[in-house]
Amino acid sequence: MIGQEGESDSEDEGSDDGDDFSDLSSDEGEADPDEIPPEEQTNVHHVQDMVNKLDAILKNVFEYFSYPHATIDSPLLSPPTPSSPMPDSTPLSPPELRPLSPEALEKAKAARRSQFYSLLSIFERTTLRTFKSRYTQFLVFWYSSLDPEFSDLFQGMLVSKALLEEDQPTVTRAAAASYIASFVSRAMFVDRESTRRVMACLCNFLGNRLEILRAVTQTGAMPPSTTHNSIFYAVSQAVFLIFCFRWRDLQQEEEVEDELAATSGVSRSKW
């Protein structure tokens, strides 16, 4: 896949590794041929063509999934197809829209749920393990916004991969931590309670790791391997990113703050 490298992380923001082609994307325009050696111009054009094709495919997939979503959330269905063709001379009039039947609405919701589970499975098998996936992950990000259940399931899967499934490869766990940070920090449909639950899981993981390190240090045993450190730093970075975007959701409720102020005599916010 375009931009896949073995030594980079899976942060959807990309990184400045200095590689030649992994940072190419459709929104950055064509590379300047005068700045590229002749022997590399063919490769650059090939990569740019592939990027354009992948962008077009992703656009079509978004449009495909958007239609049933609009059908479910709108109280009206698209107009029925006329049983006989209209004469060319007949002027066009606004089509008559009819409500969705309960059976059709339930069927559409079941199809949307099935599509979500398919996308989640594909994300887990492919996207999560692909380095520098710039835009593909936003398909499942967007689909998770269609139902609070989808958002909870997606967050739960990422938290499980990053924190609980210790048999997963280190790079997969770090990628999951990166995705959960990107998702929670930027998705406006992730509410306050979900943000606090995810942060609690991440911070509890860091606290447990610090306790283990403290116990190991006191006994004079060998410290954990660098693999453990990699996961610790990835989760720490996720905590910092979520805090930067959602710090207001991590403050105590107003009534709790009032109690603290009354007890201490000082008005202050508490995390």
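What you see is a predicted model, and the numbers here were worked out from it, not measured in a lab.

A. Region of the structure containing the packing of helix H5 (residues 170-186) against helix H6 (residues 192-219). Here H5 crosses H6 at 145°, and the two axes come no closer than 11 Å. When the axes of H5 and H6 are compared, the crossing they make is left-handed. Every residue of H6 that contacts H5 at Arg 173, Ile 180 and Val 184 is listed here: Thr 195, Val 198, Phe 205 and Arg 209.

B. Local environment of helix H4 (residues 148-164). With 17 residues, H4 extends 23 Å between its outermost C-alpha atoms, agreeing within 8% with the 24 Å of an ideal straight helix rising 1.5 Å per residue. Two or three places before Glu 149, at the opening of H4, Asp 147 has a side-chain oxygen 2.8 Å from that residue's backbone nitrogen.

C. A look at the pattern of salt bridges. Enumeration according to the criterion identifies seven salt bridges in this entry. With a shortest N-O distance of 3.3 Å, Glu 165 and Lys 161 are connected by a salt bridge. When its relative accessible area of 23% is taken as the criterion, Glu 165 is described as partly exposed.

D. Fine view of the state of the cysteines. Counted under the stated rule, the structure contains zero disulfides. Looking at Cys 201, it has no disulfide partner, and the nearest cysteine sulfur is the one in Cys 203, 9.6 Å off.

E. Inspection of the nonpolar core at higher detail. Residues Phe 123, Phe 154, Leu 158, Leu 202 and Val 235 are the most contacted members of the largest nonpolar core, which totals 41 residues. Within the residue set of this core, elements represented by two or more residues are helix H1 (38-73), helix H2 (102-125), helix H3 (137-144), H4, H5, H6 and helix H7 (226-246). Ranked by the residues each element gives to this core, the list is headed by H5, at eight residues. Other than its neighbours up to four places away in sequence, Phe 154 contacts Phe 116, Leu 120, Phe 123, Val 140, Phe 141, Ser 144 and Phe 183.

F. Highlighting the packing of H3 against H4. The interhelical angle for the contact between H3 and H4, taken along N-to-C directions, is 135°, at an axis separation of 7 Å. It follows that H3 is oblique to H4 by the angle criterion. Residues Val 140, Phe 141, Tyr 143 and Ser 144 of H3 touch H4, and the partners they reach there are Phe 150, Ser 151 and Phe 154. Tallied by class, the residues present in the contact of H3 with H4 amount to five nonpolar, two polar and no charged.

G. Region of the structure containing the packing of aromatic side chains. One pass over the structure, following the stated rule, counts 17 aromatic pairs. Geometrically, the ring pair formed by Phe 123 and Phe 154 is edge-to-face, given 5.2 Å between the ring centres and 75° between the ring planes. Of this pair, Phe 123 sits in helix H2 while Phe 154 sits in helix H4, placing them 31 residues apart in sequence. An identical accessibility class is assigned to Phe 123 and Phe 154; each is buried. Centre to centre, the rings of Phe 232 and Tyr 233 are 6.0 Å apart; their planes meet at 75°, and the pair counts as edge-to-face. Pairwise contacts between aromatic rings join Phe 62, Tyr 64, Phe 65, Phe 116, Tyr 117, Trp 142, Tyr 143 and Phe 150 into one cluster.

H. Looking closely at the environment of Trp 142. One can find Trp 142 in helix H3. The class for Trp 142 is partly exposed, based on a relative accessible area of 23%. Taking the C-alpha atoms as reference points, Trp 142 and Phe 189, 47 residues apart in sequence, are found 9.9 Å from one another.

What counts and what doesn't
Note on numbering: residues in each chain are counted from 1, in written sequence order. Under the rules for a predicted model, residues below a pLDDT of 70 receive no local features and side-chain atom pairs below 80 are neither given nor counted, while totals for whole chains, interfaces and linings still include all residues. Values shown for side chains rest on all heavy atoms present in the structure; no hydrogens or waters enter the calculation. Axis angles are defined between N-to-C directions and span 0 to 180 degrees, where every axis is a line fitted to C-alpha atoms and, for a helix, only to the segment in contact. Secondary structure elements follow DSSP: runs of H or I no shorter than four residues count as helices, runs of E no shorter than two count as strands, and numbering proceeds from the N terminus. Each crossing gets its handedness from the near helix: less than a right angle anticlockwise from the far helix is left-handed, clockwise is right-handed. The contact criterion used throughout is that any non-hydrogen atoms of two residues lie within 4.5 Å. Residue count minus one, scaled by 1.5 Å, sets the expected span of a helix. In the analysis that follows, any N or O atom pair within 3.5 Å is treated as a polar contact, provided that within protein one partner can donate a hydrogen and the other can accept it, and provided that, for residues neighboring in sequence, both atoms belong to side chains. Whenever Lys or Arg places a side-chain nitrogen within 4 Å of a carboxyl oxygen from Asp or Glu, that contact is recorded as a salt bridge. Relative accessibility thresholds used throughout: buried, under 20% of the residue-type maximum; exposed, over 50%; partly exposed, between the two (1.4 Å probe, protein chains only). Disulfides are defined in this document as cysteine sulfur pairs within 2.5 Å. In these notes, a set of buried Ala, Val, Leu, Ile, Met, Phe, Trp, Tyr and Cys residues joined through side-chain atoms within 4.5 Å is what counts as a nonpolar core. We call two directions roughly parallel when the angle between them is under 35 degrees, roughly antiparallel when it is over 145, roughly perpendicular when it lies between 65 and 115, and oblique otherwise. Three classes are used, and their members are as follows: Ala, Val, Leu, Ile, Met, Phe, Trp, Tyr, Cys and Pro are nonpolar, Asp, Glu, Lys and Arg are charged, and the others, Gly among them, are polar. A pair of Phe, Tyr and Trp rings is counted when the ring centres sit within 6.5 Å of each other, with Trp represented by its six-membered ring. The angle between the planes then sorts it: under 30 degrees is stacked, over 60 is edge-to-face, the rest tilted.

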